[in-house]
Amino acid sequence: MAQRTPRMSNLHITRRIKYQNELDLGFGKVMTSIPGAEDLLRCIQCGTCSSTCPLSIYMDHTPRKIIAMTRAGFKDEVLSSATIWLCASCYSCTVDCPKKIKITDVMYALKRKAIEEKVWPRGLPIPVLAKEFFASVLRTGRANEGRTVAKVWLKTRPLKLLANMGLGLRLMARGRMSMKSERMTGSVDQLRKILDSVHNSDTGHSPG
Amino acid sequence: MKYLYYPGCSLKGSGRSYEESLLASFKKLGVEMHELPDWNCCGATAYMAVDEMKAFALAARNLALAERYGDGEPVTLVAPCNACYLALMKVQKYMAEYDEVGRTISDALASADLSYRGGVRVRQSLDVLLNDVGLDLLAEKINHPLGQWKVACYYGCQAVRPFAPFDDEYNPMSMDHLMRSIGAEPVDWPLKARCCGGTLTGTIPTVGLRLSYIILREAIDRGANVVATACPLCQFNLECYQSQMGREYGEDLDMPIVYYSQLLGQALGIDDRSLGLQRHFVPLTAAAAVG
Amino acid sequence: MIMHRKSPEDQPRIGVYVCHCGVNIAAKVDVEHVRDFAASLPGVVVSRDYKFACSDPGQELIQKDIREHDLNRIVVASCSPQLHERTFRRTCADAGLSPFFFQMANIREHVSWVTVDPGAATTKARALVAAAVRRVARAEALALRQVPVRPEVLVVGGGIAGIHSALTLANAGKKVFLVEREPTIGGHMAQLDKTFPTMDCSACILTPKMSDVKNHPNITMWTYSEVDEVSGFTGNFKVKVRRKARYIKEELCVGCGDCVDACVMKKEKVQVPDEFNVGLSKRKAVYMPFPQATPACMVIDPKQCLQLMKGKCAQTCVDACERAAVDFDQTDEIVEIDVGAIVMATGFRPFDAKRIPEYGYGRFDHVYTTLEVERLVNASGPTGGEVVLRDGTVPKTVGVIHCVGSRDRRHNAYCSKVCCMAALKMAHLVKERTGAEVFDFYVDMRTPSKGYEEFYDQVLSEGVQFIRGRVAEVTDWAMTPEEEGKLVIRVEDTLIGVARRVPVDMVILAVGLEPQVDTAEMQRRFNISCSQEGFFLERHPKLAPVSTFTDGIFLAGACQGPKDIPEVVAQAGAAAAEALALVDRGHVDIEPNTAWIEEEACSGCKTCIPLCPFNAITRDEEKAIAVVNDAMCKGCGTCVAACPSGAAQQNMFTDEQIYEEIEGVLAYV
C-alpha cells in the first residue's frame, strides 16, 4: 500500500488512559486458579511466546500482551480480543516459555471465559464450531467432521457452505466424508452420564 | 507384538487412508492391532474451548476402557492421530498433576461404573514403529525401496508438543529415520513441527491458508517431492486446500501429501488401493517438485 | 575460665523465656499462652514472654532472674540455635551458670514461619517448649574443649578467586597450598580479552598475579592436581592431593616448546580441540595451554599421546627436549597435607548452549558463545584478534542474545548476573573491530554496579540497536530474499509490541554460569552443602556469606553463585580473612559432645571399635572393655547407636536427655 501523506484531518487524536475503576483487578487471580494457568503471574514479559507463535502476526494483541493485560485486569479488552481465537493450539509458546507458563492452556481458559460471558467477536465461527462439535459428540459419541463443518457454515456463513460444496462432494466421492454419522458401538448413555456428572460437579471453570 | 488401537474420529472419516495404510503395514510387520471396543471421541482441540472438564472426561473414558481391557496387565494404547494422542496424554498428566481434575474426572467415571488409575501408556504410532518394531526389522521387511522420493517429513504440532516423550520437540527425527529405512531421502528443513493452521483453515481461512502455504512452500524450496504427515488434520489442510492456496498465491501447486504409513506400505509391497491412495486428490505418482 | 556456681545435683530451677521476635513469632504463636503453659511445667520457676529476648535488656532480664530466683536451668523459645545459641550461652555464663545448662527451642523457623494455622502453631510451640524444659532438667555440667589449629591453609582452585585468596593469606605470612585441576592457574579470567566496565586487558591484570603466586615463598602451587580425600575437622584437616602425571618433569621444563614442534601430530585433522581457545583452534598431545601459562610447563595429554595410548611412537618429543624433561613413566602421586582451614574456589562452568536447540548452537556454524568470541577478539587468540567467522568472512550484522540458559525455569531459574555486562562488552568490541551493525536482544538490562550503567550508556550511544525481547529462535528459514543465506533471529520487540525477524551474519549467545559438573561429588568430599541450583551454600546469605555450615571451610568466587571479577576478588579477600581469623587464633573451642563408655555395662564385644571413623576407640585388655580417646572423638554418635548393651553414651545426647525430650513433645499433646 502506498504511503499517504498524513493530513491533519486524518490524525485521529484520542485520549487514552485507563482508570483503575475501569479495570477488573481480580481477573488475573481468577484466571490463575484454573488448572494449567497457575504460573501466569510469573510472566516476565520477555515475548518468547509472541515470537515463536506462528499466528501472533495476525493478532490484535500479542500473547505476551494478553498475559500482561489479564494480569492487570483489562478483562474486557482481553475477552473481546481476536488473539484468543487465533490460537491454533500448536503449543509452541508452552514449550518455549522460559517460565514454563502453559500459555496454550491460558488461551483455552480465556476462550471459555469469553464464551461464558458471551463476548466473542460476532461472526467468528470458532465458538459455534466448538458447540456443534459438542452436540455431535453428545449425539453419537463421535465427531462427524463433515456434518459439523457444514452445520457451522450454515449457521454462520451460508455462502461459505455453497463455496465449499465442491470440496465436500469430492471428499464424499473418495469415501473421506459422509453425512451418515459414525457411532460408538455401545450405548451413548454411559458417555452422557459421565458428561452430566462433570456438568453437575461445581468446578468453577465449566461454563457448560 | 500386540497393541490396543485407538483410531479416533478422523481416521474413520477424512483420514481413512491413514488407518488403512497403518493397519496394513502393521499387519505386514507382524504387529497385532486391536481396536479399543466402544471408543468415543477424544475431546480434541475444539472442545477444550467449550468445556475443558468435559473434554477431559471424554478422553478419560477411553483410557478407562483401555485399562479395563488390560484386566490388570499393562496396556499400550496406540493413537496415530496427533490430536487424539495429545488429548489422551494430557488428561492422563493433568489427572495426576491437578487434584481438581483428578477428582472431578474420577467421580464422573465412577458415575458410569468406570475408573482410571493411570495404567495405560499412550503412544504415537511413529514411536511404536521406531522403538518397538525397530529399524532393523523394517530393513529386513522392506522389499520395494522407494528411492524416487525426497520426503519432507512433517510431524505437525501435537506429536511432539507440549509433551515430547519419544522425539525432539524442535527437530524431530523419528519419521526421518523411518523414511530413510524405506529407501527414501528425507530433506532437511526447519518447519517439521510448525503449525499448519489447524482448524483455522476452515474458520479464519485467510490466516489458515497462509500457514499451510508456508509449510508447503518451504517443503518445495527444500527440494521435496512429497510431504509425509503424521496427522490427519495436517494432511487435510495441505492437500484439500492446495488448489485454493494455488489460486490465492498464484502458483501451480501439485504436491502429493501422504501419510508416512502409505510410503511405508508401498515399501513393504502393499498395493496402492489397500493403502487408500486412491482417496487422495494429488496422486502420489505426480512426483511434482514445483519450482 | 568459667565459674560454675551451680552443681548438677541441685534440683532444677528452670527459667523459660518465650520470645516474640517482634511479630515474627508473636503474629502466629500465642506467646502468652505458651508462657503460661510453660509456667505449669515441673521445675519451672520463672516463665516470661519478651519482645526480643536476644536484645541487651532481654539478656539482662534473664541474668537478673538467674540471680534473684536462683535459677540453674534456662530455656529460651525463639529462633534457630544457628543464630543465637551462642548469645544465650554467653548470657548464662556471664551470670555464672554453665552454658550447657541452657536449652533453645526453635519456635520461629520450625513453627511460626512454616505454619499457616495459628492454633496449630501454638500447639507445636508448646510441645517444643515442653521438650526443651524436660531435656534441660537432665543437663549436665560440661566444659568446652580447646583444640590447637594448624596454621596452613588449602585453597582449592586456581582461578582469580583462588589466586587472590592464596596471595592474601600468603602475604599475611601463612603457608598456603594452592591446588588446581588444570595444567595452569588462571581459570576463566585468563581466557577473557577485556574486562568490563573499564575495558582493561584481562591478561595484563591477571598474569602479574599468576607469577606472584608462582614465586611466593609461602605458596605451594600444585597444578594438574585434585583433592582426593578430606578428613578431620576445623583447624585440623587431613587432605590427600592427587598430583596427576603430567609426563613432564615440572622442575626441568622451561616451556620452550621444542617438544611441541617435534610432536608427531602434525596434521590438523589428528589434532584435538584446544580447550583454552574453546575449540576454535587445535592442539597436539603435548602442549602448554597458553603462552603465559603458570607454571610455564608442558603437559602431555594421555588420552591423545600415541606413546601413552598405544605404547608406539617415534617419541620425537623426547629427542627434542634438551633438558630431558619428558618422562613417560610418571604416575599419579598422592601427597598428604595437614591444614587448619580450606578455601573453596572451584569456580563455575559456562552453560552449554546446545541445551537450547532453538538457538542452533552446534548446528549453525555462525552461532557462537560469549566465551568463544572472547577468544576471537583476543590478540593472542586463534584469529589474532580478527573477528572472522568460520567461513573466513567478516560479519556485517551481528546479533547478541542475552539470558541464554538463565532466568529459564527449563534450565536455570536464576539470573547469571554477569551476562548482561558480558553481552554489552561483546556488542561494543565486535562493533569496534568490525564496524558491523549490532543488535542486542535483552529481556531486562541489569547493570547495577560501579561504572556499569555508564558503560551501557556508552554502548547505547555507539549505536548498538537494542531490542527488548527474548529470542524465540535462530533459524536458517528465509522468508524474504534479504534473509537468504543469513541466520534469522525471531523475536518480539516487546516495547513496540510487534514480531520481528532480524537477519544477521553472526549470533553471539551470552551463556549463563552454572555450577561445576562435579559439584555434587565435591560437596560429599568436603562435607559442605549446596543450594538448590547446585552452587555451594553459604552459612548465612547476609551475615556469613563466605562461611559454610562446616567450620573451617570457606567459599570464594563463582562456586558460591554467579559473580563478576570485582565481586569475586572482594569475596576471595573476605574468605581469606575468615580463614586467617581461624588459623591465626591458634585454637578452636569444640563442643564437649564426646562419647564415653559406662564401664559396668560394657561387655567388651568390640562392636564399636571398627565402626569408629576416627579410630578413637581402643580396648582395655585388662578390664576387657572399650575405651574412648576423648581427644580423638568427634562426637558422631556411631558407637552410641551401635552398642548392643547401651554402654556407649554421648555427652549432650545421653539416652535420658533424648527420652525426656521425646516425652516432652508427646506428653502434653
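## A look at the overall build of chain B
Working step 1: Helices and strands together make up the secondary structure of chain B, namely twelve helices and eight strands.
Working step 2: Relative to a compact globule of 291 residues, whose C-alpha radius of gyration would be 19 Å, chain B shows 19 Å and is just as compact.
Working step 3: Seen through its C-alpha atoms, chain B measures out along the principal axes to roughly 55 × 45 × 30 Å.
Working step 4: Counting all 291 residues of chain B, 68% fall into the buried class.
Working step 5: By sequence separation, contacts in chain B at least 24 residues apart represent 78% of the contacts at least 6 residues apart.
Working step 6: Of the roughly 9500 Å² of accessible surface on chain B, 47% is carried by carbon and sulfur atoms.
Working step 7: Taking the average location of the 26 positive side-chain charges in chain B and that of its 34 negative ones, the two points are 2 Å from each other.

## Comments concerning the sheet that holds strand β4 (residues 120-123) of chain B
Residues and elements named next belong to chain B.
Working step 1: The four strands lie next to each other as β2-β1-β3-β4, forming an open sheet whose pairing is parallel. Among the strands making up the open sheet, the edge pair consists of β2 (32-35) and β4. Each strand of the sheet is rotated relative to its neighbour by a mean of 35°, with strand direction disregarded.
Working step 2: Pairing geometry for strand β3 (residues 75-78) and β4, over four bridges, is parallel.

## A short note on the pairing of strand β5 (residues 150-154) of chain B
Residues and elements named next belong to chain B.
Working step 1: Counting buried residues along β5, four of its five residues qualify, which places the element largely inside the surrounding structure.
Working step 2: Pairing analysis gives two bridges linking β5 to strand β6 (residues 185-186), with the strands arranged parallel. When the sheet's bridge partners are listed, Val 151 is paired in β6 with Pro 186.
Working step 3: Strand direction decides the pairing type here: β5 and strand β7 (residues 226-229), joined by four bridges, are parallel. The residue bridging Ala 152 from the neighbouring strand is Val 227, located in β7.

## Structural notes on the domain arrangement of chain A
Note: interface size is frequently given as the accessible area lost on complex formation between the parts.
Working step 1: What the domain assignment lists for chain A is domain 1 (20-116) and domain 2 (126-188).
Working step 2: The centre of domain 1 of chain A, based on its C-alpha atoms, is set 30 Å off from the matching centre of domain 2 of chain A.

## Remarks on the state of the cysteines
Here, the word disulfide means a covalent bond between the sulfur atoms of two cysteines.
Residue and element names in this part refer to chain C.
Working step 1: With the rule as written, the count across this model stands at one disulfide over all chains.
Working step 2: Here Cys 201 is linked by a disulfide to Cys 204, with a sulfur-sulfur distance of 2.4 Å. The sign of the 85° torsion about the S-S bond sets the Cys 201-Cys 204 disulfide as right-handed.
Working step 3: We classify Cys 201 as partly exposed; its relative accessible area is 24%.
Working step 4: Not engaged in a disulfide, the cysteine Cys 317 finds its nearest cysteine sulfur in Cys 305; these two sulfurs lie 6.4 Å apart.
Working step 5: Among the residues examined, Cys 317 registers a relative accessible area of 10% and is labelled buried.
Working step 6: Lacking any disulfide linkage, Cys 403 is separated from the closest cysteine sulfur, that of Cys 420, by 5.9 Å.
Working step 7: A relative accessible area of 9% places Cys 403 in the buried class.

## A few points about a nonpolar patch on the surface
Residue and element names in this part refer to chain A.
Working step 1: A surface patch of nonpolar side chains, about 600 Å² in accessible area, is lined by Leu 159, Leu 162, Met 165, Leu 169, Met 172 and Met 179.
Working step 2: If you tally residues by element for the nonpolar patch, the top one is helix α11 (residues 165-173), at three residues.
Working step 3: Position of Met 172 relative to the elements: it lies in helix α11.
Working step 4: Owing to a relative accessible area of 33%, Met 172 belongs among the partly exposed residues under this scheme.

Conventions used here
Along each chain, residues carry numbers from 1 onward, in the same order as the chain's sequence is written. The lettering of chains begins at A and the numbering of ligands begins at 1, in the order of writing. Totals for whole chains, interfaces and linings use all residues, but because this is a predicted model, local features are given only for residues with pLDDT of at least 70 and pairs of side-chain atoms are given and counted only at 80 or more. Side-chain calculation: all heavy atoms of the structure are included, whereas hydrogens and water are not. Helix and strand definitions follow DSSP, with helices as H or I runs of at least four residues and strands as E runs of at least two, each counted in order from the N terminus. With C-alpha atoms as the basis for the radius of gyration, the globule rule is written as 2.2 Å multiplied by the number of residues raised to the power 0.38. Think of it in three bands: with a 1.4 Å probe and only protein chains considered, a residue is buried below 20% of the maximum accessible area for its type, exposed above 50%, and partly exposed in between. The criterion used for residue contact is that any of the two residues' heavy atoms lie within 4.5 Å. Surface accessibility follows the Shrake-Rupley procedure with a 1.4 Å probe radius. Residue values consider only the protein chains on display as shielding. For the charge count, each Lys or Arg is scored as positive and each Asp or Glu as negative, with His and the chain ends excluded. Every charge is mapped onto a representative atom, which is NZ of Lys, CZ of Arg, CG of Asp or CD of Glu. Any two strands between which DSSP finds at least two bridges are classified as paired. Angles shown run from 0 to 180 degrees and are taken between the N-to-C directions of axes, each axis being a line fitted to C-alpha atoms and, for helices, limited to the stretch in contact. Domain extents, as shown, originate in an automatic or database domain assignment. For the purposes of this analysis, a disulfide is any pair of cysteine sulfur atoms at a distance within 2.5 Å. Like-charged residues within 9 Å of one another, or nonpolar side chains (Val, Leu, Ile, Met, Phe, Trp, Tyr) within 5 Å, are grouped into patches, provided each residue has over 30% relative accessible area and no salt bridge. Should a side-chain nitrogen of Lys or Arg be within 4 Å of a carboxyl oxygen of Asp or Glu, the pair is scored as a salt bridge.

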